[in-house]
2 protein chains.
Amino acid sequence: MPRGNLDKTKILEAAAALANEISVKKLSLKQLAQKLNIQPPSLYNHVQSLDHLRLDLAAYGWDQAGARIAEALIGVSGDEAIRRACSVFYEYAEENPGVFEAMAYYNRENRTAGGEPDRLTGILYRLCRARDIAETDAVHVLRIFRSYIEGFALLTRHGVFPADETARESFFYGVEFLIAGIRQLERGGAGLPMRGGTNDG
Amino acid sequence: MPRGNLDKTKILEAAAALANEISVKKLSLKQLAQKLNIQPPSLYNHVQSLDHLRLDLAAYGWDQAGARIAEALIGVSGDEAIRRACSVFYEYAEENPGVFEAMAYYNRENRTAGGEPDRLTGILYRLCRARDIAETDAVHVLRIFRSYIEGFALLTRHGVFPADETARESFFYGVEFLIAGIRQLERGGAGLPMRGGTNDG
DNA sequence: TGACAAAACTAATCTGATTAGTTATTATAT
DNA sequence: ATATAATAACTAATCAGATTAGTTTTGTCA
């Protein structure tokens, strides 16, 4: 394979760095090529299009964040595991704003082509299964957590919440809200006071 | 004012419709002009740039959603008010996918230039104050709800969650989680089991 | 009626993605 | 060692769409 200087990984790393500097929105093949010391058209040997690159960047981010979370969960369990996972994701998003935006904007099904959940989802699933939660409730719990965490990170990114300590505090406050919710779901727990009927009136 | 055919509102309405059809990302001045039966450069008489248009569209969306929520809350209080507000927002996002994306992507501080909270935030504040929640907790609660709701809507939009009834179920499940959390915050309530120390270890 | 201002138009410019066609490099098989 | 084939880079060209410049049209109001 000639000209082995560059490969997909190096390109994604450069794209990630660039996105973190100037945001995904402004990520351009022109600047990326410049950063890699090649001409823009050369990128097409590695990438289908700018849009695909953004998708690839999102996948790259999920892999990275997933790996960090997996690592952080080694030997931890229960509520503490949940806190850790949330905390690590939060920090990942903070440290990699551009990549995180790609993850949020170019989100897709959290399943592989085969239909199995992706790695991170699998990890979180196991976290749920370790508790005494019904299978169908676990699906809800995962969606709720993911919504909350990505939503919070996004709003922080966009300057809706101030980038100060109170925001961090709010975030972990919310995590405790959700943990409290989970506890009430556990079989044998007090039970969550769900309403029976419609949700719209 | 000559050629009074067009004004900012009509342009925003057209932009909203277009964004809902083809997504904000693909929203272009070219297509917008076509839809309005004018030439693209003419739009600059009403709009600073494509990017500003997207910002304006986001503001337009918040106004609209805020108005719907305010209307839905007339004469309702307590938990039911929270459920209503969440439900209405969820439906607005569902019905206006493009505008909602603009709202999510082009989010800004939820305060006006003057420093007062915007209308919707004010409404939700009052909802909190009606409960026996400390002022500083109310800030957290608002951030948590907003994160959850926007996050959920975004992930649904992006096809991460299936567009079926189970997603809707998950959403309202999460709302109950959060309402349960609020209850525990109320002075005189059981209290939320918060951890004291660090969040990262 | 005539002058002004707003809003639209056409023509032109610029930027950046993408395509076409060519050249250089290197792994591999002879 | 060397020829071959595949890969990756290059240059030149095209295209699309935003934006700017300069002009014309049209409605308002003195």
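Up top is the structure these notes are about.
Every chain begins its residue count from 1, and numbering advances along the sequence as written. Whichever chain is written first becomes A and whichever ligand is written first becomes 1, with later ones labelled in order. Only residues with pLDDT of at least 70 are given local features in this predicted model, and only at 80 or more are side-chain atom pairs given and counted; all residues enter the totals for whole chains, interfaces and linings. Note: side-chain values were computed over all heavy atoms of the structure, leaving out hydrogens and water.

Looking at the overall build of chain A
The following threshold applies: Each helix corresponds to a stretch of at least 4 residues labelled H or I by DSSP, and each strand to a stretch of at least 2 residues labelled E; elements are numbered beginning at the N terminus. Using a 1.4 Å probe on the protein chains alone, a residue whose accessible area is under 20% of its type maximum counts as buried, one over 50% counts as exposed, and one in between counts as partly exposed. Any two residues whose heavy atoms approach within 4.5 Å at even a single point are treated as in contact. The accessible surface values rely on the Shrake-Rupley method and a 1.4 Å probe; as for residues, cover is taken only from the protein chains in view.
Each helix and strand counted, chain A has 8 helices and 0 strands in total. Along chain A, from the amino end to the carboxyl end, the secondary structure elements read α-α-α-α-α-α-α-α. Each of the 201 residues in chain A was classed as buried or not, and the buried ones make up 51%. In chain A, once contacts between residues fewer than 6 apart in sequence are set aside, the share between residues at least 24 apart is 66%. By element, 51% of the accessible surface of chain A is carried by carbon and sulfur atoms, the whole surface being about 9500 Å².

Here's the deal with the packing of helix α1 (residues 8–22) of chain A against helix α5 (residues 97–105) of chain A
All names here are of chain A. Note the cut-off: Only the contacting stretch of a helix is used when fitting its axis, a line to C-alpha atoms as for every element, and angles between N-to-C directions run 0 to 180 degrees. Between 65 and 115 degrees an angle is taken as roughly perpendicular, under 35 as roughly parallel, over 145 as roughly antiparallel, and anywhere else as oblique.
At a minimum axis separation of 6 Å, α1 and α5 run at an interaxial angle of 100°. As the angle between them shows, α1 and α5 are arranged roughly perpendicular. Of the residues in α5, those touching α1 at A16, A19 and N20 are P97, G98 and V99.

Thoughts on helix α2 (residues 29–36) of chain B
Residues and elements named next belong to chain B. Defined as follows: Regarding the arc, it is the one traced by the directions from the helix axis to the C-beta atoms.
Taken as a whole, α2 has its buried residues at L29, L32, A33 and L36. Along the long axis of α2, the arc covered by the buried residues comes to 100°, so they all point the same way. Residues of α2 that are exposed and point more than 90 degrees away from the buried face comprise K30 and Q34. Turning to α2, the residues buried within the fold contact α1 (8–22) and α3 (50–72). Looking one or two residues past α2, N37 carries a phi angle of roughly 60°, positive in sign.

With respect to the interface of chain A and chain B
This is how the line gets drawn: Buried area adds together the accessible area that both of two parts lose upon being put together, with accessible area traced by a 1.4 Å probe. The rule for a salt bridge is simple: a side-chain nitrogen of Lys or Arg has to be within 4 Å of a carboxyl oxygen of Asp or Glu. Under the rule applied, a polar contact is a pair of N or O atoms within 3.5 Å (in protein, one hydrogen donor and one hydrogen acceptor; residues adjacent in sequence only if both atoms are side-chain atoms).
Counting from both sides, the interface comprises 56 residues of chain A and, opposite them, 55 residues of chain B. Where chain A abuts chain B, roughly 5000 Å² becomes buried across the two surfaces, and 62% of that area is made up of carbon and sulfur atoms. When the buried area of chain A at its contact with chain B is split by residue, R143(A), Y173(A) and F177(A) rank highest and sum to 15% of it. Where chain A meets chain B, there are 2 salt bridges. Between D51(B) and K25(A) there is a salt bridge whose closest N-O contact spans 3.3 Å. At the junction of chain A and chain B, the tally comes to 16 residue pairs in polar contact (both at pLDDT 80 or more).

Considering the side chain of E150(A)
Considering the arrangement of structural elements, one finds E150(A) in helix α7 (residues 135–157). According to the relative accessible area criterion, E150(A) is buried, its value standing at 5%. A distance of 2.6 Å separates the side chain of E150(A) from the side chain of R146(A), its partner in a polar contact. In this structure, E150(A) is in contact with W62(A), F89(A), F100(A), M103(A), A104(A), N107(A) and L155(B), ignoring residues within four places of it in sequence.

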